[in-house]
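Below, each chain spelled out in residue letters.
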Amino acid sequence: MGQEPEGNDITRTPTPTTTTTPTATTAPWPPVAPTGSPRPDAVAQTDTGPRAEPETSTDAGPAPGPGQGSGPGPDSGPPGPSAVPSSASGAGVWEGLVTSALLGTDRRTPPGGERGPGAAAALLDAAAAETVRRRAGLRPARAARLPDPAPEDPRPPLPDAAARRLAMLLTDRPGTAGGGRRGSAPDLMELLPQWLATANARGFAPPPQTLPALLDAARGRTDLRPAALAFAGPRALWLARLNPDWRFALRATPGGGTAPPGADAAERARRLWSEGLFAERVALLASLRARDPAGARELLASTWETERAEDRLMFLDSLRTGLEAADEPFLEQALADRSRNVRATAAELLSALPHSALAARMAARAATCVSLDRTRTPPAITVEAPHECDSGMERDGVVAKPPAGRGERSWWFGQLVEAAPLATWPARLAGRTPEEIVALPVSDGWQSELHAAWCRAAVRQRDGGWARALLGAPTAPEAGGPGAVSLAERAKLLGTLSAGERAEWVAGFIATHGLSEAFQLLGMCGVPWATPLGRAVVDALEIARDAGSYPWSFSGVMGLAERCLDPAEAGRLDGLLAIPDEREDASPGAGWYWAEAFQRLVTTLRLRAAMAEELQAGP
């Protein structure tokens, strides 16, 4: 008599040889698909369990009980139509089933099956039975060590209403309305950064169940990471160590697990610096630089000579944080680096130190290029640009080759003036103030080049006095100002002023020039906007609406207003919600679109007010 079918062997459970605890990650199980083809790669991944042996093999374990033996018993029924003979057991059965599924039952008969209308159903039955048999044959693995408990978060919990609001902000993804319009619904994701800033200022801790969504949001938006990770707290770092998708939190958070605190923190930091991945080393250096600038510099110097050029550039850039005079010797050494980019970065950092030796060298070079011609009425600035870029200039960071379309001499001259301390010029130009110097005429068409270099120097050296002089009055007829050559330059200069001064200047600019050129300037102002600035924006929007223009031209400003306008201003906007009468020369339908845009603005402002109130309540 031949061997019996193994239809009952799928219920046979092998006896484990060791006492262990199964884990969910022992091996993946192949899915049982109702239609289609089983995964071919499932064979190699799952066919690792013990096989059901033929009846003639010697079993060292106890005799099988009823329903567990290989032969028919009182509890076992007859084999089904898809039973697979033992001659095709093990990996061969699964491979045969996969092949039949891929080629089709018309071209390849399933193992143990027959051609005909029921072949496809028999194949699926056989695959289901084989899947159960393979799962039952998995060897249990040793249980992994449980992770350490999550640290406690000492901050008070969020108020209930604020917790519900956070869940809504993290889960709601409103789409745009038809036709490319946003509709009147607020954009909740754009409100999340402001909500996080307020929650961090109040010192609340997030509900633990929201931490995964917070980490996912921070993973998708780098602009959210600082505030999201600060709010998520120490438990987020604990989670990040357990999920590779959230490892960015360890790199983005100062000290985020790169060198955990402890008695041997210094030794672990050095070991991580020597053995860690590049991203981990960058995070470690940035974290250490924020706490101990000298220690970070010494750590970088210990391996500087052996680092790759691209790595040296990234590491050197971290010295911008906490830049101090003690960094000068290391930066002077970096001026002789083999990499041009490293030399340029070192020169830029040294020029930001007004008393460094490089700043003095640059001041001497720039002073020879600029002089005051007192023979003219009024006196004028004359410029004699350098005729060559010598090796000393190149060592100090001057790039010899200009970009396409730029003359060599003007290119070298701009770099020298940008790197020279701004204190050089009052002494060079007869003790004049920055305002007086900027007002001087410049001969031979060098004014734009000279003023642009002064703008870059004022931004690099964070000199508010020179920034005010170059910005000029916001009500000046020319939007470009007396010294800045573009609105982008003016926006950078505004960054050197206080928040109140920035808001006042931009409000005056909008009142004079309108909103068409104000978007970059508004982005430099603090949130929420000061009352004069907010009212200037609303008044300018109302003027644009009454002129019959489409609101799409002001969509950027409108989006900023939704996030930055003081919520207390919502009441002033109620009169703008009605659809205005359209002028004959107005764009068709513009009034309806403006009403919708103002409705969205008012709804968003009131939502922001409600969010702030929820975060002020007690837990």
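Residue positions are counted from 1 within each chain, in the order its sequence is given. Local features in this predicted model are restricted to residues whose pLDDT is 70 or higher, and side-chain atom pairs enter the listing and the counts only when it is 80 or higher, whereas totals over whole chains, interfaces and linings include all residues. The side-chain values count all of the structure's non-hydrogen atoms but skip hydrogen atoms and water molecules.

A. Geometry of the side chain of Arg-165. Secondary structure elements are defined from DSSP: runs of H or I of at least 4 residues count as helices, runs of E of at least 2 residues count as strands, and each element is numbered from the N terminus. Following the sequence through the fold, Arg-165 ends up in helix H4 (residues 160-171). Throughout, exposure labels follow a simple rule: accessible area from a 1.4 Å probe, protein chains only, divided by the maximum for the residue type, with under 20% read as buried, over 50% as exposed, and the rest as partly exposed. The buried category is assigned to Arg-165, whose relative accessible area is 16%. Residue contacts follow a heavy-atom distance rule, with two residues in contact if any of their heavy atoms lie within 4.5 Å. In this structure, Arg-165 is in contact with Trp-195, Leu-607, Ala-610, Met-611 and Glu-614, ignoring residues within four places of it in sequence.

B. Molecular detail of unusual backbone geometry. With an omega dihedral of -5 degrees, the bond running from Thr-377 to Pro-378 counts as a cis peptide bond. With respect to the secondary-structure elements, Pro-378 resides in the loop between strand S1 (370-373) and strand S2 (380-383). Going from Val-527 to Pro-528, the amide bond is cis rather than trans, its omega being -5 degrees. Its identity is not glycine, yet Asp-444 carries a phi of approximately 60 degrees, on the positive side. Relative to the assigned elements, Asp-444 resides in the loop between helix H20 (434-439) and helix H21 (447-461).

C. Broad picture of the pattern of salt bridges. Salt bridges are defined as contacts in which a side-chain nitrogen from Lys or Arg sits within 4 Å of a carboxyl oxygen from Asp or Glu. Inspection of the entire model under this criterion finds 34 salt bridges. For Asp-148, the salt bridge goes to Arg-145, with nearest N and O atoms at 3.6 Å. Considered together, Asp-148 and Arg-145 belong to a single accessibility category, that of exposed residues. One salt-bridge network, held together by shared partners, links Glu-332, Arg-361, Arg-365, Arg-395 and Asp-396.

D. Inspection of helix H6 (residues 211-220) at higher detail. Listing the buried residues of H6 in full gives Leu-211, Leu-214, Leu-215, Ala-217 and Ala-218. Buried residues in H6, looked at end-on, bunch into an arc of 160 degrees, giving them a common side. Directions pointing from the helix axis toward each C-beta atom define the arc.

E. Just the environment of Asp-223, in detail. Note on placement: Asp-223 falls in the loop between H6 and helix H7 (225-232). Taking the C-alpha atoms as reference, Asp-223 lies 8.3 Å from Pro-193; in sequence the two are 30 residues apart. Side-chain polar atoms of Asp-223 contact the side chain of Arg-221, separated by 2.7 Å. Polar contacts, as used here, are pairs of N or O atoms within 3.5 Å; protein pairs need one atom able to donate a hydrogen and one able to accept it. Residues neighboring in sequence count only if both atoms are side-chain atoms.

F. Examining the pairing of S1 more closely. We treat two strands as partners when DSSP finds at least two bridges between them. Of the pairings in the sheet, the one linking S1 to S2 comprises four bridges and is antiparallel in character. Looking across to S2, one finds that Leu-372 is bridged to Ile-381. Counting the residues that bridge the hairpin from S1 to S2 gives six residues.

G. Layout of helix H18 (residues 408-419). A helix's residues, less one, multiplied by 1.5 Å, set its expected span. In a regular helix each residue adds 1.5 Å, so twelve residues correspond to 16 Å; H18 covers 17 Å between its end C-alpha atoms and thus fits that length. Most of H18 sits inside the fold, with ten of its twelve residues counted as buried. Turning to H18, its buried residues number three or more, namely Ser-410, Trp-411, Trp-412, Phe-413, Gly-414, Gln-415, Leu-416, Val-417, Glu-418 and Ala-419.

H. Focus on the environment of Leu-188. Tracing the chain through its elements places Leu-188 in helix H5 (residues 188-202). The exposure class of Leu-188 is buried, given its relative accessible area of 8%.

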